[in-house]
Amino acid sequence: MAVPKRKTSKSRTASRKAQNMKKPITRASSCAQCGAPQQPHHACPSCGYYAGRQVLTVVSEE
Ligand SMILES: [Zn+2]
């Protein structure tokens, strides 16, 4: 059976596992209605529009 010649260091293990870390959500899209940052394929959180029509009733936080 093949056996590793060297112990895998903590540093090497950590840098390998860093590839699997969750990446932050990049809000690349902006709303066509109000221009606010918005996730693609989601209704706009600030105006409630999706695909050119209102789909959510947004309650203003005041
Ligand atoms: Zn919007």
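As the structure is a computational prediction, the values presented were derived from the model and not from experiment. Once a new chain begins, its residue numbering starts again from 1 and follows that chain's sequence as written. Local features in a predicted model are, by the rule used here, given only for residues with pLDDT of at least 70; side-chain atom pairs are given and counted only at 80 or more, and totals for whole chains, interfaces and linings are based on all residues. For side-chain calculations, the full set of non-hydrogen atoms in the structure is used, while hydrogens and water are omitted.

Considering a nonpolar patch on the surface
In step 1: Among the surface-exposed residues, Tyr-50, Val-55, Leu-56 and Val-58 lie close enough to one another that they form a single nonpolar patch of about 300 Å² accessible area.
In step 2: Looking at where Tyr-50 falls in the secondary structure, it is placed in strand S3 (residues 49-50).
In step 3: Owing to a relative accessible area of 34%, Tyr-50 belongs among the partly exposed residues under this scheme. For patch detection, residues must exceed 30% relative accessible area and be free of salt bridges, and they are connected within 9 Å for like charges or within 5 Å for nonpolar side chains (Val, Leu, Ile, Met, Phe, Trp, Tyr). Surface accessibility follows the Shrake-Rupley procedure with a 1.4 Å probe radius. Residue values consider only the protein chains on display as shielding. A carboxyl oxygen of Asp or Glu within 4 Å of a side-chain nitrogen of Lys or Arg is what we treat as a salt bridge. Numbering of helices and strands runs from the N terminus, with a helix taken as a DSSP run of H or I at least four residues long and a strand as a DSSP run of E at least two residues long. Type-normalised accessible area, obtained with a 1.4 Å probe on protein chains alone, sets the label of each residue: buried when under 20%, exposed when over 50%, and partly exposed for intermediate values.

Topic: the coordination of the zinc ion
When a metal holds four donors in a tetrahedron, each ideal angle between them is 109.5 degrees; when it holds six in an octahedron, the ideal angles are 90 or 180 degrees.
In step 1: Looking at the zinc ion, one finds its protein donor set to be Cys-31 (SG), Cys-34 (SG), Cys-44 (SG) and Cys-47 (SG), positioned 2.2 to 2.3 Å from the metal centre.
In step 2: A donor here means an N, O or S atom no more than 2.8 Å from the metal, or no more than 3.2 Å when the metal is Na, K or Ca. Since water is not included, a site may seem to lack partners. One chain supplies every donor for the zinc ion, spaced along it as C-x2-C-x9-C-x2-C. Here Cys-34 is found in the loop between strand S1 (29-30) and strand S2 (37-38), whereas its partner Cys-44 is found in the loop between S2 and S3, with 10 residues between them in sequence.
In step 3: A relative accessible area of 0% means that Cys-44 is categorised as buried.

Overview of the environment of Ala-43
In step 1: As for its position among the elements, Ala-43 is in the loop between S2 and S3.
In step 2: A sequence separation of 27 residues divides Ala-43 from Arg-16, and the C-alpha atoms of the two residues are 36 Å apart.

Observations concerning the side chain of Gln-38
In step 1: Residue position: Gln-38 is located in strand S2.
In step 2: For the purposes of these results, a polar contact is taken to be a pair of N or O atoms within 3.5 Å, where, inside protein, one atom must be able to donate a hydrogen and its partner to accept one; residues adjacent in sequence count only when each atom of the pair is a side-chain atom. A distance of 2.6 Å separates a polar side-chain atom of Gln-38 from the backbone oxygen of His-42.
In step 3: Beyond its immediate chain neighbours, meaning those up to four positions away, Gln-38 contacts Ser-29, Ser-30, Cys-31, Ala-43, Cys-44 and Pro-45. Every residue pair with non-hydrogen atoms within 4.5 Å of one another is taken to be in contact.

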